[in-house]
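Structural description and commentary
Residue-level listing of the chains:
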Amino acid sequence: MQKRVLIGLTGALILLLTACSAKGGGTLMDAESNRSQWPVQEEGTMDSSMPGEDGSASLSAEANTSLSAEASTSPPTREASINPASSEPSPDSADPTLQSILSQMTLHEKVCQMLVVTPESITGVEAVTAAGGTTKKALQAMPVGGILYSKPNLRSKDQVKTMLQNTQSYSAIPLMFTCDEEGGRVNRLMSTVNTTMIGPMLDYKDQGAETAYKNACTIASDMSALGFNADMAPVADVWSNPENTVIGDRAYSDDFQQAAVLVASAVEGFHAGGVATALKHFPGHGDTSEDSHYGAVFITKTLEEIREKELLPFRAGIQADSDMVMIGHLILSDIDDQPAPFSHKIVTELLRQELGFDGVIITDGLQMKAMTDFYSDGAIACSAVKAGVDMLLCPANPEEAAAALEDAVKNGDLTESRIEESVLRILKMKKERGMIP
């Protein structure tokens, strides 16, 4: 059966096959052996090197959260002008199931729903590989919206299935289970529990939309079979700067229009395989020479240049109904002097209004040095939510982030209706992807 996907480049229709190929489809190519120059990339969270059982060893120290510099909540006026849509998209507030869930939630439960955390950050365990009483207690205290797993958490298919099933049973609201499973050097399951090996996306750039679809469908099907319901993929960045190694062969292409076609197809493939998607790293990390894992990253392109190039794959992915868009830790000097996650102009005016995205906006991993070197967890959380972000990915100290949001509501810096707006988007995504029955 064929499925038509509309992408916003020329208005052309692309025919895509909607059935996943057998396990052989989209397998690793010989080019993988020539990729040794790429660094191993840990996206979203940093792996621990000491695996252990749930409840075994406690963390000896918290991540660095002592820096307290506050991000400005009033971005300076810039010359670049963003053209907002006539009305800002908003979550469907009429759904009685979602409204019923929301009405029964406390403020603490609402702000926790906006967090996606590592299991270690809420349990205090060195490397979580099972879920029992410690996990149950942690989720009672911090009823988060999702959990991101990394390599030390993943030992075998049966172990992963059991861990996720048990963890899900401890949560009143179904959890989003996710990891970074892009293919190539950024994978969590392929190299640990032997799911289907798919190579770097750049290796497939000339094999067309059908291959992008099949690869994504295969990855998603493998994830879904283990209990995952979301993938922090696809990468919508375009490898337009040869000096850029943080993106490099993770990109679907080094051509903007080709990347738009392939990214839209990948979104459809991930959905067909059973997982939600996150386009990353908005508004484009492919033409940078710095790595936000290690420090601040600046983009000097004008807004018009970004519209004409970097935004093409994001527009296409949004039109293919991507569930989430991930905001990169980037500073776009032509638009705003603040990091993108803190910028109302980028998060709300550009992404939400101009591009018309009405799904969940999530940050990149907040434990990265581009954030922690300059801001406290509380400052990060409040500034991002004020800018329009819905979910905070891997704050170094989730308790501090949640407490700061609660305090902001209580002292009037944020309204509870603003928190509820994000929670409804998150619940809507969970219902649309089958996480909430």
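Residues numbered from 1 in each chain as written. Predicted model: local features only at pLDDT ≥ 70, side-chain atom pairs only at ≥ 80, totals over all residues. Heavy atoms only, no water.

1. A word on the sheet that holds strand β6 (residues 230-231)
To keep things clear, this is the line we draw: At least two DSSP bridges between two strands are required for those strands to pair. Every helix listed is a DSSP run of H or I at least four residues long, and every strand listed is a run of E at least two residues long, numbered separately from the N terminus.
Strand order across the open sheet formed by five strands is β6-β5-β4-β3-β12, with parallel pairing between neighbours. Every other strand in the sheet has two partners, leaving β6 and β12 (392-393) as the edge strands with one partner each. Taken together, the three bridges between strand β4 (residues 146-148) and strand β5 (residues 176-179) define a ladder with parallel strand orientation. When the bridges of β5 are listed, L148 appears paired with T178.

2. Some details on helix α14 (residues 416-432)
Selection rule: In this analysis, the expected span of each helix is defined as 1.5 Å times one less than the number of residues it contains. For the exposure calls, accessible area comes from a 1.4 Å probe over protein chains only, and a residue counts as buried if that area is under 20% of its type's maximum, exposed if over 50%, partly exposed in between.
With 17 residues, α14 extends 24 Å from end C-alpha to end C-alpha; this agrees with the ideal 24 Å at 1.5 Å per step. Taken as a whole, α14 has its buried residues at R418, I419, S422, V423, L424, R425, I426, L427, M429 and K430. One or two residues past the end of α14 sits G434, with phi positive at roughly 80°.

3. Considerations on the packing of aromatic side chains
Our working rule: What counts as a ring pair is set by centres within 6.5 Å for rings of Phe, Tyr and Trp (its six-membered ring), and what kind of pair is set by the plane angle: stacked under 30 degrees, edge-to-face over 60, tilted for all other angles.
What the rule picks out here adds up to five aromatic pairs. Seen in terms of ring centroids, F282 and F314 are 5.2 Å apart; in terms of plane orientation they differ by 85°. Their pairing is edge-to-face. Within this pair, whereas F282 is found in strand β7 (residues 278-282), its partner F314 is found in helix α9 (residues 311-319), the two being separated by 32 residues in sequence. Arranged with centres 4.9 Å apart and planes meeting at 85°, the rings of F342 and Y375 form a pair that is edge-to-face. Taken together, the positions of F342 in the loop between β10 (330-332) and α10 (344-354) and Y375 in the loop between α11 (369-372) and α12 (377-387) put the pair 33 residues apart, joining distant regions of the chain.

4. Description of the nonpolar core
Here is the rule: Take the buried Ala, Val, Leu, Ile, Met, Phe, Trp, Tyr and Cys residues and link them wherever side-chain atoms come within 4.5 Å; each set so joined is a nonpolar core. Contacts are residue-level and defined by heavy atoms, with any inter-residue pair within 4.5 Å sufficient.
If you look at the biggest cluster of nonpolar residues, it comprises 121 residues, and the most contacted ones within it are M176, F228, F270, F282, M324 and L351. It is helix α7 (residues 256-273) that contributes the most residues to this core, nine residues altogether. Those residues within four positions of M324 in sequence are excluded, and the remaining contacts are M176, A230, M232, A276, T277, A278, L279, F357, V360, I362 and M429. Grouped together as the second largest cluster of nonpolar side chains are six residues, V235, W239, I247 and A251 included.

5. Here we look at α10
Across the 11 residues that make up α10, a large majority, nine, are buried. Just beyond α10, the residue with positive phi is G356, at close to 70°.

6. A word on the sheet that holds β7
Applied cut-off: Between N-to-C directions, angles span 0 to 180 degrees; the directions come from axes that are lines fitted to C-alpha atoms, helices contributing only their stretch in contact.
A sheet is described by the order of its strands in space; here three strands give the open sequence β7-β9-β11, paired in parallel fashion. The strands lining the two open edges of the sheet, one partner per strand, are β7 and β11 (360-363). Averaged over all adjacent pairs, the angle separating strand axes in this sheet is 25°, with direction ignored. Two elements, β7 and strand β9 (residues 324-327), share three bridges in a ladder whose sense is parallel. Note on β9: the bridge partner recorded for A278 is M324.

7. Notes on the packing of α7 against α9
Packed helix pairs are characterised by how far apart their axes lie and by the angle those axes make with each other. Put simply, the rule reads: Each angle receives one of four descriptions, namely roughly parallel if under 35 degrees, roughly antiparallel if over 145, roughly perpendicular if within 65 to 115, and oblique otherwise. Helix crossings fall into two classes, left-handed where the near helix is turned counterclockwise from the far one by less than a right angle and right-handed where it is turned clockwise. In this classification, the charged set is Asp, Glu, Lys and Arg, the nonpolar set is Ala, Val, Leu, Ile, Met, Phe, Trp, Tyr, Cys and Pro, and all remaining amino acids, among them Gly, are polar.
Two elements in contact, α7 and α9, have axes separated by 8 Å at closest approach and are oriented at 25°. When the axes of α7 and α9 are compared, the pair comes out roughly parallel. Relative to α9, the crossing made by α7 is right-handed. Residues F256, Q257, A259, A260, V263, A264 and V267 of α7 lie in contact with α9, whose contacting residues are L312, P313, A316 and G317. Its residues assigned to classes, the contact of α7 with α9 comprises nine nonpolar, two polar and no charged.

8. Quick look at unusual backbone geometry
With an omega dihedral of 10°, the bond running from A233 to P234 counts as a cis peptide bond. Inspection of the secondary structure assignment puts P234 in the loop between β6 and α7. In this model, K280 is joined to H281 through a cis peptide bond whose omega is 5°. Phi at C394 takes a positive value of approximately 55°, unusual for a residue other than glycine. When you line up the elements, C394 lands in the loop between β12 and α13 (398-410).

9. Comments concerning the pattern of salt bridges
The condition is simple: Think of a salt bridge as a Lys or Arg side-chain nitrogen and an Asp or Glu carboxyl oxygen that are within 4 Å of each other.
The tally for this structure, following the rule as stated, stands at 20 salt bridges. Here R307 and E354 are joined by a salt bridge, their closest N and O atoms 2.7 Å apart. With R307 in helix α8 (residues 303-308) and E354 in helix α10, this pair connects stretches of sequence that are 47 residues apart. A residue is classified by how much of its surface remains accessible, and R307, at 13% relative accessible area, is buried. Residue classification places E354 among the buried residues on the basis of a relative accessible area of 15%.

10. Brief notes about the side chain of D323
Within the secondary structure, D323 sits in the loop between α9 and β9. With near-sequence residues (within four places) excluded, D323 lies in contact with H271, A276, T277, F357, G359, V360, M429 and R433.

11. Some points on the confidence of the model for the protein
Test applied: Per residue, pLDDT measures the predictor's confidence, with a range of 0 to 100.
Chain-level statistics for the protein give a pLDDT mean of 84 and a share of 77% at 70 or above. In the predicted structure, residues 1-19 sits below a pLDDT of 50 and forms 47 contacts with residues beyond four places in sequence or in another chain. Confidence over residues 21-79 falls short of pLDDT 50; this stretch has 150 contacts with residues more than four positions distant or in other chains.

12. Focus: the pairing of β11
Of the two faces of β11, the one carrying V360 and I362 and the one carrying I361 and T363 are both buried. As paired strands, β9 and β11 are joined by four bridges and run parallel to one another. Across the sheet, the residue bridging to M324 is V360, located in β11.

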